[in-house]
Amino acid sequence: MQKLQGIAVSPGVVIGEAFVMDTEGFRIPRRFVPLAAVEEELQRLERAFAAAADEIGGHRDAVARELGRQYGAIFEAHLQMLRDPQLREEIEQAVRERNYSPEFAVSRTLRRYAKVFQSLESGPMAERAADIFDIEKRLLRHLLGRRREGIAHLTSPALILAHNLTPSETANLNRKFVRGFVTEIGGAGSHTAIVAEALEIPAVVGVGPFLAEVSGGERVIIDGDQGLVILQPDQETLDHYCRVVERHRSDALQLEGLRQLPAETVDGARIQLHGNIEFPHEVEHCLERGADGIGLYRTEFLYLGAATEPDEEAQYQAYAGVLKAMGDKPVVIRTLDLGADKLTAAQADLERNPFLGLRSIRLSLRNLPMFRTQLRAIVRASVLGDVRIMFPLISTVLELRQAKMVLADVMEDLEEHGLPFRRDIKIGMMVEVPSAVILIDHFVEEVDFLSIGTNDLIQYTLAVDRNNNEVAGLYTASDPAVLRLIDMAVKAAGKRQKPINLCGQMSGSPTYTMLLLGMGFRQFSVAPSAIPEIKRICRSLTISQCEAVASRAMTLENARDIKSYLKEELKKVLPERAN
Ligand code: PEP
Ligand code: MG
């Protein structure tokens, strides 16, 4: 058994079979071959060994010719390992006696060898592990060849273990079979993490290198609450986690009872709890949890999930579906936030520093036909419900005015063509760049509502990449600098009586509910799965309690103290809640 600590990004616990994607995306599931096919599979294995040996021999000769014999010797060593009769026998036996597929037999046997070398601490022997992985990759490449399959083709439930998953890969995961995932890299604020919550599957990111330790088909536990990954759990651990899964089930049932009840504090303050969605079908998740509306619809996933750019009609249909399902409840559609980690293939090669580059509203304003198409679709859908438009990543007042001008122009156009729409659509902006907070008094005059995007606000305030596990310790909503900015924005909105929401991940974390209510928020937008828990907390406290907590928290000078103080206070109001 091996326990790995990563960053918890999507709650829940799942026990299942590993599906390993290495950096080259190889799929190495535990597959069995039918008895009748064993001989044929052994021949395939033999061909792969022969092809790999030819390849290595070719490299050895070429390198020796170019650089000298001592360099060619590196490949000679690989060749000797590949020709080791004991190794070959072990792999063949796994196919013949255990009926493993050659791919799985190769992967499992070589990774076992590598583990032994790795356990020799440091020194030249430990480094041999890298050579073994090299041989494994080479053999797999020959075995899989064109048969390499993507995770899109899963046919049974699995837990995905990968070096990395991009937001669009995550968005395209087969929801029927993917029960959870773990990645070696990635941070708490990444869109990959956000999509995991949308899919409502447990996920842990930023675990560090571990793929070499595990083979496809092995049993794994993903603990998305604690950020733990357990490889080959022992019986005791397995029993413990079976009980945790059971507890989750009964907790969920209990929370279901809150569905019809309002999110109202003990002293009668009504809190609006809205859902964040990435995909239209999530509207159901919101309604199931009794959401008061959609506070953030991340429309860029229409692009990321599609093979071709969605046209006006496709977008209209998506928005119309969401609006109809929500009835008269508000739906905040955020215009495209493409770029940064949500790059299309064409953009990917162009950006050097994508989070500071042509992303979000900047990209929309640079690509007016695309922007206008989206705005037309939203405005046309406005007759179907209470649609509101929100512009992302606004960093200057002129940028906001430009976006509003494009919207006004689109409306005029629709009017000329006699198409019906609502003229009084409310217009808002995301507050997620420090400059937007610094100039909040100007911005607040220009919009009908504001929504704070802490996921970006944290990274831009603290200069910490939201995707980078190396600096994940610095990426926290508890930082006093972040709290001061949030406080400034809430106060400015309150002064002008403009509604202000918080839609970053922070608002779905129970740790911050008291603080945010105490600061003056009466509206949150969270992942649908977080609605019941946040509602339960709201219903367990008074605003004056929260105000006291916020005042105290705002005097503390570092993130660690603030976070532990907030956790303690939460325990006082909800002692039964397991933290
Ligand atoms: C945010 O930045 O907090 C936000 C809600 O937007 P996104 O996570 O999509 O960048
Ligand atoms: Mg953002």
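In short, a report on the structure. Keep in mind that this is a model prediction, so the values were computed, not measured.

Here's the deal with the site of ligand 1
Piece 1. Arg298, Arg334, Gly453, Asn455 and Arg466 are the nearest of the 17 residues found near ligand 1.
Piece 2. Between an oxygen atom of ligand 1 and a main-chain N or O atom of threonine 454, the distance comes to 3.1 Å.
Piece 3. Residue asparagine 455 places a main-chain N or O atom 2.7 Å away from an oxygen atom belonging to ligand 1.
Piece 4. Here ligand 1, which alone exposes 290 Å², has 100% of that area covered by the protein.
Piece 5. At three residues, helix H18 (residues 454-462) tops the list of elements feeding residues into the shell around ligand 1.
Piece 6. When grouped by side-chain class, the residues that make up the shell around ligand 1 number four nonpolar, five polar and eight charged.

Side note on the pattern of salt bridges
Piece 1. Scanning the model with the defined rule gives 35 salt bridges in all.
Piece 2. We note a salt bridge from arginine 111 to glutamate 136, for which the minimum N-O separation is 2.9 Å. Of this pair, arginine 111 sits in helix H4 (residues 102-118) while glutamate 136 sits in helix H5 (residues 124-144), placing them 25 residues apart in sequence. We note that arginine 111, like glutamate 136, is buried.
Piece 3. Glutamate 200 is the partner of arginine 289 in a salt bridge, and the nearest nitrogen-oxygen pair spans 2.9 Å. Here arginine 289, found in the loop between helix H9 (282-288) and strand S10 (293-298), pairs with glutamate 200, found in the loop between helix H7 (191-199) and strand S6 (203-205); they are 89 residues apart in sequence, far enough to count as distant.
Piece 4. For arginine 289, a relative accessible area of 18% corresponds to the buried category.
Piece 5. Among the charged side chains, a network of salt bridges with common partners joins Glu312, Glu313, Arg372, Arg376, Arg380, Asp409 and Asp413.

Structural notes on the sheet that holds strand S7 (residues 219-223)
Two pairing modes exist for strands in a sheet, parallel and antiparallel, and in both the strands are linked by backbone hydrogen bonds.
Piece 1. What the eight strands build is an open sheet, ordered S1-S8-S7-S3-S4-S5-S6-S2; its pairing is mixed. Unpaired on one side and paired on the other, strand S1 (2-5) and strand S2 (7-10) mark the two borders of the sheet. Adjacent strand axes in the sheet meet at a mean angle of 30 degrees, parallel and antiparallel pairs treated alike.
Piece 2. The sheet contact formed by strand S4 (residues 158-162) and strand S5 (residues 178-183) spans five bridges and is parallel. Note on S5: the bridge partner recorded for leucine 159 is glycine 180.
Piece 3. Its contacts with the sheet put helix H8 (residues 235-256) on strand S3 (13-21), S7 and strand S8 (228-231), and the angle it makes with S3 is roughly 115 degrees.

Points about the nonpolar core
Piece 1. Residues Phe391, Ile486, Phe521 and Phe524 are the most contacted members of the largest nonpolar core, which totals 126 residues.
Piece 2. Once residues lying within four places of it in the same chain are set aside, the contact partners of phenylalanine 524 are Ile271, Gln272, Leu273, His274, Asn501, Leu502, Ser507, Thr513, Leu516, Leu517 and Ile534.
Piece 3. Counting residues in hydrophobic clusters, the runner-up holds 34 residues, among them Phe75, Ala94, Phe104 and Tyr113.

With respect to the coordination of the magnesium ion (ligand 2)
Piece 1. Surrounding the magnesium ion (ligand 2) are the protein donor atoms Glu432 (OE) and Asp456 (OD), which sit 2.0 to 2.1 Å from the metal. Here the residue glutamate 432 occupies a position in the loop between strand S13 (426-431) and helix H16 (434-438), and aspartate 456 occupies one in helix H18, the gap between them amounting to 24 residues.
Piece 2. For glutamate 432, a relative accessible area of 2% translates into the label buried.
Piece 3. A relative accessible area of 2% places aspartate 456 in the buried class.

Basis of the calculations
- Residues numbered from 1 in each chain as written.
- Chains lettered and ligands numbered in written order.
- Predicted model: local features only at pLDDT ≥ 70, side-chain atom pairs only at ≥ 80, totals over all residues.
- Heavy atoms only, no water.
- Near = heavy atom within 4 Å.
- Polar contact = N/O pair within 3.5 Å; in protein donor to acceptor, adjacent residues only side chain to side chain.
- Areas by Shrake-Rupley, 256 points an atom, 1.4 Å probe, with all protein chains shown as cover.
- Helix = DSSP H or I, 4+ residues; strand = E, 2+ residues; numbered from the N terminus.
- Nonpolar A, V, L, I, M, F, W, Y, C, P; charged D, E, K, R; others polar.
- Salt bridge = Lys/Arg side-chain N within 4 Å of Asp/Glu carboxyl O.
- Buried < 20%, exposed > 50% of the residue type's maximum accessible area, 1.4 Å probe, protein only.
- Pairing = 2+ DSSP bridges.
- Axes fitted to C-alpha atoms, helices over the stretch in contact; angles between N-to-C directions.
- Contact = heavy atoms within 4.5 Å.
- Core = buried A, V, L, I, M, F, W, Y, C linked by side-chain atoms within 4.5 Å.
- Donors = N, O, S within 2.8 Å, 3.2 Å for Na, K, Ca; no water.

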